[in-house]
Protein chains: 2
Amino acid sequence: MSANTVLLDFSLDPARIIDEVSRKDIVRLCKEGLEKYLTGLKISYDMLTADGYLCILNEASSGTIVTIRFFEQGLITINVEYYRKDGDEPKISFEQTRELENGLVQTLKFNHGQSLPPLQRGPLTRFFPTADERVIEYDIDRVLYDKRSEFQKIQIVHSKSLGNMLVLDELQNIAEADLIYTETLMRRGIEDYAGKEICILGGGDGALLFELLKEKPKHVVMLEIDEMVMQACNKYMSSICGDVLEKRKDESFEIIVDDCMRYLHKFSKEGRTFDYVFGDLTDIPISDTPTGEIWDFIRTILQSSFKVLKPDGKFMTHGNGVSCPESLKMYEEQLAKLEPKVSYTKCTAFVPSFMEEWVFYQVQREDTNATASV
Amino acid sequence: MSANTVLLDFSLDPARIIDEVSRKDIVRLCKEGLEKYLTGLKISYDMLTADGYLCILNEASSGTIVTIRFFEQGLITINVEYYRKDGDEPKISFEQTRELENGLVQTLKFNHGQSLPPLQRGPLTRFFPTADERVIEYDIDRVLYDKRSEFQKIQIVHSKSLGNMLVLDELQNIAEADLIYTETLMRRGIEDYAGKEICILGGGDGALLFELLKEKPKHVVMLEIDEMVMQACNKYMSSICGDVLEKRKDESFEIIVDDCMRYLHKFSKEGRTFDYVFGDLTDIPISDTPTGEIWDFIRTILQSSFKVLKPDGKFMTHGNGVSCPESLKMYEEQLAKLEPKVSYTKCTAFVPSFMEEWVFYQVQREDTNATASV
């Protein structure tokens, strides 16, 4: 079940003056255009607003509501909203919406028209944002898991094209189609993990751990705070995490369910060191740090990681979408503040479930060569 | 300039009865939630509808309009719409919309909430559909060309991530980032075009012709009906079409501006044959054929193409998105109806400007081997 919202908009020549007469004409023609698809539309209400005019039309028999809005800046929006039963055809298909749009543009000599496919609103979340907050409608057809843990909202949904997808706090996290994400994060084929000691911060979906173990490292320790994420992924994402979330530990790896910061301090005190530390925390790190201090938190993670990294060790992490240069720049500014100094390389990959190109960082101490030659 | 439309929706337990008292409570709490971002909201109008209730709130100072809609089937939608000047911050950011959504879900014990990034409505078309009519918002930042030819509406827009993009009749056609589209259509590295004779039906963007010429064919003839598409692409898409649309003809190729059907008949009569025919027409073929007869038209194109193909020649074309199995099946049914019988192979590629996996067909006469051995 869903409500369908059909959106059209029109741009007018800004010099064109819409007086009451021409407004009435436009409303009448919009109404006539809509009446090809909706029967017995009546104007229920209208009003002048601070920047234009609003008119409500009602298809009495069904409850379909149309709002027509005039903005004095030269825009008209039409929103049609109605309840659509599962299996019912839409009242106005996308093709019909575009016919209506083109008809009105030509009849009313608008400069430009735009129409969107009907938006489905209801219990299935179909819309997720890109990093730069554009809307993408996914082909989600069912929800497999939907619970709130102590730390976050956890959902696993099924996408026809991406397979099962983990959604944390309403943001797409990783899907079964996202092997490229893990392979780019770990730089498969470029970095050599054989015999190495590795620490993963976060990584609760298990995909990175699963792929790293194929490279025969000496040992991997994974620090994940949210037990529920691992249980959900173990059940619904096993094509990307294998049995690592089920086993939790063997001679080559160990998953510790705890705050990664606490364990980084512990490792540091014990003098335990790693060849690689992976920052695979969610984009908005799970912590009690207020949002404003998010960059301090990120820098703290980096500092603590370098305390447990061998002198030539590497910190590997994901950045953000290439569409967010400001965010990437801020991350790089944090890197520049680190002591001892670090240098970094970056690479990108198109991540299917993000529907965009993502940036990944590889960070290393700048004095690596000097230290290595000691 | 744009109108911003902010959409939220909530699902309720279907057994939960919303009487007038609880409806008033919900409206009050929605209003209070919205008043964090909008000041002086007042209820201007409300009404019972055939399937629920509608309430209009108005921020008198600015003209922001909020509609709150109750559907008796267990849905509530909230739409906020206001004019936003270029450079102005949104009145409610996506983060704030989600805060509001989560707050209301928890306070009002809704089953589920969903919110969309603010939709920008105005002279820049930012929304295009996938093959299965899901909405995708593109990072379009300017329009370079916008004209209507005798055959179609032609636009070239700029996308931050995809480069310049050709849009025909409001559908994304090809972008500068789409080399993979052309390479998959022609099966670069698999088919050998050296010394071959080739005919392109359509292909007005010039990309296929440009890439084919790099493979040293004997001759390519391209039949494109729309002169204006070629002029627009020559000007704005030269990174994908090189100088072929400027030159129009040399010893290795010729572009004929005419109806491809007319020329296929002419070639057939003259006994002119090709090693490859490419069907690179737009998805909705440009013709005076009514929509209902679209499949007849597609079959006619195929039949006419096979009349000018050498016995072992190949017809190469794009199909549709993998998300549209019914459409692909119908296309394959058309192939099955052809006489003489044909066989086909298919392959897929993720096309950046389509934002989805696309299917490409390679069609050949079934009796190829028999004929070849004569």
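Residues numbered from 1 in each chain as written. Chains lettered and ligands numbered in written order. Predicted model: local features only at pLDDT ≥ 70, side-chain atom pairs only at ≥ 80, totals over all residues. Heavy atoms only, no water.

**Some details on the interface of chain B and chain A**
Moving on, step 1. Each partner contributes to the interface: chain B provides 70 residues, whereas chain A provides 70 residues.
Moving on, step 2. For the pairing of chain B and chain A, the buried interface totals around 6,000 Å² over both sides, and the portion due to carbon and sulfur atoms is 56%.
Moving on, step 3. For chain B, the biggest contributors to the area lost against chain A are Arg-121, Arg-134 and Val-135 of chain B; these three give 11% of the whole.
Moving on, step 4. Counting every contact that joins chain B to chain A gives two salt bridges.
Moving on, step 5. On inspection of chain B and its partner chain A, the count reaches 30 residue pairs in polar contact (both at pLDDT 80 or more).
Moving on, step 6. With seven residues, the single largest contributor to the side of chain B that touches chain A is strand S5 (residues 75-84) of chain B. (Contact = heavy atoms within 4.5 Å. Buried area = accessible area lost by both parts, 1.4 Å probe. Salt bridge = Lys/Arg side-chain N within 4 Å of Asp/Glu carboxyl O. Polar contact = N/O pair within 3.5 Å; in protein donor to acceptor, adjacent residues only side chain to side chain. Helix = DSSP H or I, 4+ residues; strand = E, 2+ residues; numbered from the N terminus.)

**Topic: the side chain of His-219 of chain A**
Residues and elements named next belong to chain A.
Moving on, step 1. Position of His-219 relative to the elements: it lies in strand S15 (residues 219-224).
Moving on, step 2. Given a relative accessible area of 18%, His-219 falls into the buried group.
Moving on, step 3. Aside from chain neighbours lying at most four places away, what touches His-219 is Lys-196, Glu-197, Ile-198, Glu-251, Ser-252, Phe-253, Glu-254 and Arg-272. (Buried < 20%, exposed > 50% of the residue type's maximum accessible area, 1.4 Å probe, protein only.)

**A short note on the pairing of strand S13 (residues 171-175) of chain B**
Residue and element names in this part refer to chain B.
Moving on, step 1. Burial analysis of S13 places four of its five residues in the buried class, the great majority of the element.
Moving on, step 2. Across four bridges, strand S12 (residues 163-168) lies against S13 in antiparallel orientation. Across the sheet, Val-167 pairs through a bridge with Gln-172, a residue of S13.
Moving on, step 3. Linking two consecutive strands that pair antiparallel, namely S12 and S13, is a turn of two residues; a positive phi of about 50° is found at Asp-169 within it. (Pairing = 2+ DSSP bridges.)

**Description of the confidence of the model for chain A**
Residues and elements named next belong to chain A.
Moving on, step 1. Of the residues in chain A, 95% have a pLDDT of 70 or more, and the chain-wide mean is 93.
Moving on, step 2. Contacts of residues 285-290 to residues separated by more than four positions or lying in other chains number nine contacts, the stretch itself having pLDDT below 50.
Moving on, step 3. Confidence over residues 370-374 falls short of pLDDT 50; this stretch has one contact with residues more than four positions distant or in other chains.
Moving on, step 4. Across the interface, the model reports ipTM at 0.91; the global pTM reads 0.92. (pLDDT = per-residue confidence, 0-100.)

**As for the pattern of salt bridges**
Residue and element names in this part refer to chain B.
Moving on, step 1. Going through the model one piece at a time under the given rule, you end up with 58 salt bridges over all chains.
Moving on, step 2. Here Glu-270 ties to Lys-266 by a salt bridge, and the two come within 2.9 Å at their closest N and O atoms. Residue Glu-270 and its partner Lys-266 are located together in helix H8 (residues 260-270), separated by four residues, close to a single helical turn.
Moving on, step 3. Residue classification places Lys-266 among the partly exposed positions, given a relative accessible area of 37%.

**Quick notes on the sheet that holds strand S12 (residues 163-168) of chain A**
Residue and element names in this part refer to chain A.
Moving on, step 1. Sheet architecture is open: four strands sit in the order S10-S11-S12-S13, paired in antiparallel fashion. Of all strands in the sheet, those bounded by a partner on one side alone are strand S10 (140-148) and strand S13 (171-175). Pairwise comparison of adjacent strand axes, ignoring direction, gives a mean angle of 25° for this sheet. (Axes fitted to C-alpha atoms, helices over the stretch in contact; angles between N-to-C directions.)

**Some remarks on the packing of aromatic side chains**
Moving on, step 1. What the rule picks out here adds up to 34 aromatic pairs over all chains.
Moving on, step 2. Ring centres 5.7 Å apart and planes at 70° place the aromatic pair Tyr-344 of chain A and Tyr-361 of chain A in the edge-to-face group. One end of the pair, Tyr-344 of chain A, is in strand S20 (residues 342-351); the other, Tyr-361 of chain A, is in strand S21 (residues 356-365), with 17 residues separating them in the sequence.
Moving on, step 3. Three or more aromatic residues link up through ring pairs in this structure, and these residues are Tyr-181, Phe-354, Trp-358 and Phe-360 of chain A.
Moving on, step 4. Above the plane of the ring of Tyr-82 of chain B lies Lys-91 of chain B, whose end atom (NZ or CZ) is 5.8 Å from the centre. (Phe/Tyr/Trp six-rings, centres within 6.5 Å; stacked < 30°, edge-to-face > 60°. Lys NZ or Arg CZ within 6 Å of the ring centre and 35° of its normal.)

**Section: the environment of Asp-226 of chain A**
Residue and element names in this part refer to chain A.
Moving on, step 1. Within the secondary structure, Asp-226 sits in the loop between S15 and helix H5 (227-236).
Moving on, step 2. Each C-alpha atom, one on Asp-226 and one on Glu-150, is 7.9 Å from the other, the two residues being 76 residues apart in sequence.
Moving on, step 3. If we ignore the near neighbours within four places in the chain, the residues touching Asp-226 are Ser-149, Phe-151, Gln-152 and Ile-154.
Moving on, step 4. Reaching out from Asp-226, the side chain makes a polar contact with the side chain of Gln-152 at a distance of 2.9 Å.

**Section: unusual backbone geometry**
Moving on, step 1. With an omega of -5°, the peptide bond between Glu-339 of chain A and Pro-340 of chain A qualifies as cis.
Moving on, step 2. As for its position among the elements, Pro-340 of chain A is in the loop between helix H10 (325-337) and S20.
Moving on, step 3. In this structure, Asp-169 of chain A takes a positive phi of about 50° despite not being glycine.
Moving on, step 4. Residue placement: Asp-169 of chain A occurs in the loop between S12 and S13.
Moving on, step 5. Take Asp-169 of chain A: its relative accessible area is 34%, and that puts it in the partly exposed class.
Moving on, step 6. Unusually for a residue other than glycine, Arg-248 of chain B sits at a positive phi of about 70°.
Moving on, step 7. A relative accessible area of 21% places Arg-248 of chain B in the partly exposed class.

**Examining the side chain of Thr-182 of chain B**
Residues and elements named next belong to chain B.
Moving on, step 1. Looking at where Thr-182 falls in the secondary structure, it is placed in helix H3 (residues 179-186).
Moving on, step 2. Under the relative-accessibility criterion, Thr-182 is labelled buried at 3%.
Moving on, step 3. When sequence neighbours within four positions are dropped, the list of residues in contact with Thr-182 reads Ile-174, Ala-207, Leu-208 and Glu-211.

**A short note on the pairing of strand S15 (residues 219-224) of chain B**
Residues and elements named next belong to chain B.
Moving on, step 1. Taken across its six residues, S15 has six buried, putting it largely inside the fold.
Moving on, step 2. Residues His-219, Val-221 and Leu-223 point to one face of S15 and Val-220, Met-222 and Glu-224 to the other, with burial holding for every one of them.
Moving on, step 3. Pairing analysis gives five bridges linking strand S14 (residues 197-202) to S15, with the strands arranged parallel. In the sheet register, Ile-198 faces S15, and the bridge partner there is Val-220.
Moving on, step 4. After leaving S14, the chain enters helix H4 (residues 207-213) and then returns to the sheet as S15, a path that is right-handed.
Moving on, step 5. Pairing analysis gives five bridges linking S15 to strand S17 (residues 253-257), with the strands arranged parallel. Paired with Val-221 across the bridge in S17 is Glu-254. (Right-handed = clockwise from strand over helix to strand, strands pointing away.)

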